[in-house]
Amino acid sequence: MLPFREITLEDKRAVETCGSHYNYHLCERCFVDLFMWRGHYGTQICFKDGFLLVKMTPLDGGPDCYLAPVGEGDLGAALDALEADAAERGIPLTVVSIAEPMIERIEAVRPGKFTFVHDNEDGDDYIYLSEKLSTLSGKKLQSKRNLVNRFKAEYEGRWSYEDITPETTKEAYAFHLKWCRQNGCAHHRDFEGETCAIVQALENFAALELRGGMLRLDGEVIAFTLGCKAAPDMYVVQIEKADHDIAGAYQMINQQFVLRNCQDVEYVNREEDLGLEGLRKAKKSYYPVMRGVKYAAVRKEAER
């Protein structure tokens, strides 16, 4: 079997180097995502012949699956290595979170070997133009623009935005706990996974090269967000939370973070909606310029 192990901070540069050969704008290719969610998804990695190989455990309790190999070299051999590993583990070979351009590469080296399936939209990423999120220009985003302007007018002199620093990460975490109490998710399974992920991000804030922002009203934190530059042309926003009882709080933290951190990239990936209707509605309301559609590849023999 392949020598899979837990991902560590020391893997950051190597993971990013491998990922740089395949800029498909999916959040799963971001080191920060792999690292901060490693406990939730049982993420393990190894490197083989210039490729990053990733194994994960589905939340539904099914057999382990793999991300498509990324790197430089013989892609076919890397896929064969995953196939051999799956066989030794006694599990079907399933490769997930495959971008459409990767399908073409896989077909080129192992034609007809896999069936590619797009299960549902729940896991597809929402990708926006940075310029649109920062200016909120145009008729489609007028309602967002209005909420931002009302917030600024109503709370003039009382609100502030500041960068998260290692010294203020505890305040961000405290707001996360408050947000979960407000939204009744403190005992949900996903809350535990997200809380662990947020702890990993905040405790390793500098090492992960994260950027974050907090929105305050009368000195109290009412929203926070964090993200990182995951590709030369794209930022990924991993976490965003705001007090939904304060009109404009979500729109403000969204816009202010992009204004201060994403002006040198074309795209902002705000990740998936997880099938949550409220989150889906909110993300669609910002009118993404494209979706990061993800496919799964299954060995055709495994279908019979």
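Peer 1: Help me understand the overall build of the protein chain, please; the structure alone is not making it clear to me.
Peer 2: Looking only at helices and strands, the protein chain has 11 helices and 14 strands in total. For 304 residues, the compact-globule formula gives about 19 Å, and the C-alpha radius of gyration of the protein chain, at 20 Å, lands near that figure. Per-residue burial over the protein chain gives 52% buried out of 304 residues. Summing over all exposed atoms, the protein chain offers an accessible surface of approximately 14100 Å²; the carbon and sulfur share of this is 50%. Counting 38 positive and 49 negative side-chain charges, the protein chain places the centres of these two groups 4 Å from one another.

Peer 1: Would you explain the packing of helix α4 (residues 75-89) against helix α5 (residues 100-109) in this entry?
Peer 2: A pair of packed helices is characterised by two quantities: the angle between their axes and the separation of those axes. At a closest axis distance of 9 Å, the pairing of α4 and α5 adopts a crossing angle of 90°. The pairing of α4 with α5 is recorded here as roughly perpendicular in orientation. Of the residues in α5, those touching α4 at Leu75, Gly76 and Leu79 are Met102, Arg105, Ile106 and Val109.

Peer 1: Could you clarify how one ought to interpret the nonpolar core in this entry?
Peer 2: Among soluble globular proteins, nonpolar side chains are generally buried collectively. Within the largest apolar cluster, 66 residues are counted, with the highest numbers of intra-cluster contacts made by Leu53, Ile98, Met102, Leu210, Phe224 and Leu226. For this core, the element with the highest residue contribution is α4, accounting for 6 residues. If we skip the residues at most four places from it in the chain, Met102 touches Tyr22, Tyr24, Ala68, Pro69, Val70 and Leu75.

Peer 1: Help me out: how do you make sense of the sheet that holds strand β7 (residues 125-129) in this one?
Peer 2: Strand pairing in a sheet is mediated by backbone hydrogen bonds. Such pairs are either parallel or antiparallel. If you walk across this open sheet you meet the 7 strands as β8-β9-β10-β11-β12-β7-β13, and the pairing is mixed. Each of the sheet's edge strands pairs with one partner strand only, and the pair in question is β8 (159-163) and β13 (290-292). When strand polarity is set aside, the average angle formed by the axes of neighbouring strands in this sheet is 25°. The sheet contact formed by strand β9 (residues 211-217) and strand β10 (residues 220-231) spans 7 bridges and is antiparallel. Looking across to β10, one finds that Leu217 is bridged to Glu220.

Peer 1: Explain the sheet that holds strand β2 (residues 44-48) here, please?
Peer 2: Ordered by their spatial adjacency, 7 strands build an open sheet running β1-β2-β3-β4-β5-β14-β6, and the pairing between neighbours is mixed. Each edge of the open sheet is held by one strand with a lone partner, namely β1 (5-6) and β6 (114-117). With 2 bridges joining them, β1 and β2 adopt antiparallel strand pairing. Residue pairing across strands places Glu6 opposite Gln44, the latter belonging to β2. The strands that α4 touches are β2, β3 (51-56), β4 (65-71) and β14 (295-299); relative to β4, the one it contacts most, it runs at about 155°.

Peer 1: Explanation requested: the pattern of salt bridges in the structure shown.
Peer 2: Where side chains of opposite charge bring their charged atoms close, a pairing between them can arise. Under the definition given, this model contains 25 salt bridges. Its salt-bridge partner being Arg38, residue Glu6 comes within 3.2 Å of it at the nearest N-O pair. Residue Glu6 is located in strand β1, and its partner Arg38 is located in helix α3 (residues 38-41); the two are separated by 32 residues in the primary sequence. Two residues, Lys241 and Glu194, come together in a salt bridge whose shortest N-O distance is 3.0 Å. Of this pair, Lys241 sits in strand β11 (residues 234-242) while Glu194 sits in helix α9 (residues 189-203), placing them 47 residues apart in sequence. Taken together, the shared-partner salt bridges connect Asp80, Glu83, Arg110, Lys113 and Arg299 into one network.

Peer 1: Which parts of the structure should I look at to understand a nonpolar patch on the surface?
Peer 2: Residues Leu274, Leu276 and Leu279 make up a contiguous nonpolar surface patch of roughly 260 Å² in combined accessible area. Positionally, Leu274 belongs in the loop between β12 (267-269) and α11 (277-284).

Reading the values: the criteria
- Residues numbered from 1 in each chain as written.
- Predicted model: local features only at pLDDT ≥ 70, side-chain atom pairs only at ≥ 80, totals over all residues.
- Heavy atoms only, no water.
- Helix = DSSP H or I, 4+ residues; strand = E, 2+ residues; numbered from the N terminus.
- Rg over C-alpha atoms; globule rule 2.2 N^0.38 Å.
- Buried < 20%, exposed > 50% of the residue type's maximum accessible area, 1.4 Å probe, protein only.
- Areas by Shrake-Rupley, 256 points an atom, 1.4 Å probe, with all protein chains shown as cover.
- Lys, Arg positive; Asp, Glu negative; His and termini not counted.
- Charge placed at Lys NZ, Arg CZ, Asp CG, Glu CD.
- Axes fitted to C-alpha atoms, helices over the stretch in contact; angles between N-to-C directions.
- Parallel < 35°, antiparallel > 145°, perpendicular 65-115°, else oblique.
- Contact = heavy atoms within 4.5 Å.
- Core = buried A, V, L, I, M, F, W, Y, C linked by side-chain atoms within 4.5 Å.
- Pairing = 2+ DSSP bridges.
- Salt bridge = Lys/Arg side-chain N within 4 Å of Asp/Glu carboxyl O.
- Patch = residues over 30% accessible without salt bridge, like charges linked within 9 Å, V, L, I, M, F, W, Y side chains within 5 Å.

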